[in-house]
Amino acid sequence: MLATGTPALAGNTPTGPSAASGTRAPGAPTPGVVVQGELAPLKVKPVDGPRLSLQPANPKPGDPVLVTVSGASALPSGTVAGRPLRFFAWSDGYAALTSLPVEQVEGSVPVDVTASGRGLPVLLSGVLHVGAPGFRERELKVANKYVSPPKAVKARMEADRKAFAAAFAQPFVAPLFGQNFAWPREATVTAPFGDRRSFNGKLQTQHFGVDLDGATGSPVVAANDGTVVMVRDNYASGNTVLLHHGAGLYTAYFHLSRIDVKDGATVKQGEALGLVGNTGRVTGPHLHWGVKADDRWVDGQTLLKLDFTGAPEAPGVATNAPGLGNP
């Protein structure tokens, strides 16, 4: 790169008694003042501006989305499909975790982020290419009390709803974890996220979790570091543990036969939470593992693929079962 602000030419350097005596010779440059001279090459380090990264670039409805900004000098702001992003300092930049609704249609979803570099703020624009959801239709048989609960149970269900709402109302904080997420148990996926279900021919619902096979008493561990914000026996989800991971992210563990943590406890990835069971509305023992990001239930299998660390993605331990198993 060439620059005009160069030192004076050698031919303009003052010599003689005047210079030696500390006085300035007529026509000589003032010390410290740059004068016009020939262009000289200067080595200047390139300035890196803010950069935007999206994971996954090709999501499906119901997926979590990780938005990362590097090279910014301050906390960015932005939106995904007009939904505000909540950024936090992360690694050597900033990140925000959001989600797509299960009702999201196929097509392009705009991502707009404003970030400050070394100069004026810049607008970073990206696009998420949303594919087809591929959700299955299933019919299941459960006890009639779970399809048409008696009046005496409705009060309990309302209490459960309020308890979940309170657990999910944690203040927004930076992530409580420092590594990627892992499976809460090594097992076959018997029902993926998003299944549309009817119970006993009624009660159309959608499956907002990933079901992992397991016999009663099999261990269940934390998918990542976090804080326990619910330990409760709920009518539909049975013995339940909810973990808050910061960044608006939660994981849920349903139908446990036993709970081994206390409300408010801090847990580490891989720490025991309880045992697989068949409590609540189930057709058999299994673990229902749920993930909630930015106030929406999302696909846990996609969360496992998000790279929070910049390290190569580790292979998963769970596999999709070809047949239909426990809900």
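Residues numbered from 1 in each chain as written. Predicted model: local features only at pLDDT ≥ 70, side-chain atom pairs only at ≥ 80, totals over all residues. Heavy atoms only, no water.

Looking at an unreviewed UniProt entry, one finds the protein named M23 family metallopeptidase and attributed to Corallococcus macrosporus.

(A) Fine view of the sheet that holds strand β4 (residues 64-70). Taken in spatial order, the 4 strands line up as β3-β4-β8-β7 in an open sheet, and their pairing is antiparallel. The sheet is open, and its two edges are formed by β3 (51-55) and β7 (88-90), each paired on a single side. Averaged over all neighbouring strand pairs, the angle between strand axes comes to 30°, with direction disregarded. (Pairing = 2+ DSSP bridges. Helix = DSSP H or I, 4+ residues; strand = E, 2+ residues; numbered from the N terminus. Axes fitted to C-alpha atoms, helices over the stretch in contact; angles between N-to-C directions.)

(B) Geometry of helix α3 (residues 151-167). Along its 17 residues, α3 runs 25 Å from first to last C-alpha, staying within 8% of the 24 Å computed at 1.5 Å per residue. Three or more residues of α3 are buried, namely Val153, Asp160, Ala163, Phe164 and Ala167. Down the axis of α3, the smallest arc covering the buried residues is 100°, so these residues share one side. The outward face of α3, more than 90 degrees from its buried face, is lined by the exposed residues Lys151, Ala155 and Lys162. Residues of α3 that are buried make contact with β17 (226-234), β18 (238-244) and β19 (249-256). (Expected span 1.5 Å × (residues − 1). Buried < 20%, exposed > 50% of the residue type's maximum accessible area, 1.4 Å probe, protein only. Arc of directions from axis to C-beta. Contact = heavy atoms within 4.5 Å.)

(C) Main features of the pattern of salt bridges. Inspection of the entire model under this criterion finds 9 salt bridges. Taking the shortest distance from any N to any O, the salt bridge between Asp63 and Lys60 comes out at 2.9 Å. In this structure Lys60 comes out as partly exposed when scored by relative accessible area, which is 23%. In this structure, Lys268 and Asp225 form a salt bridge, with 4.0 Å as the shortest nitrogen-oxygen distance. Of this pair, Lys268 sits in the loop between β21 (266-267) and β22 (272-275) while Asp225 sits in the loop between β16 (219-221) and β17, and the two are 43 residues apart along the sequence. You can call Lys268 exposed: its relative accessible area is 52%. Under the relative-accessibility criterion, Asp225 is labelled buried at 11%. (Salt bridge = Lys/Arg side-chain N within 4 Å of Asp/Glu carboxyl O.)

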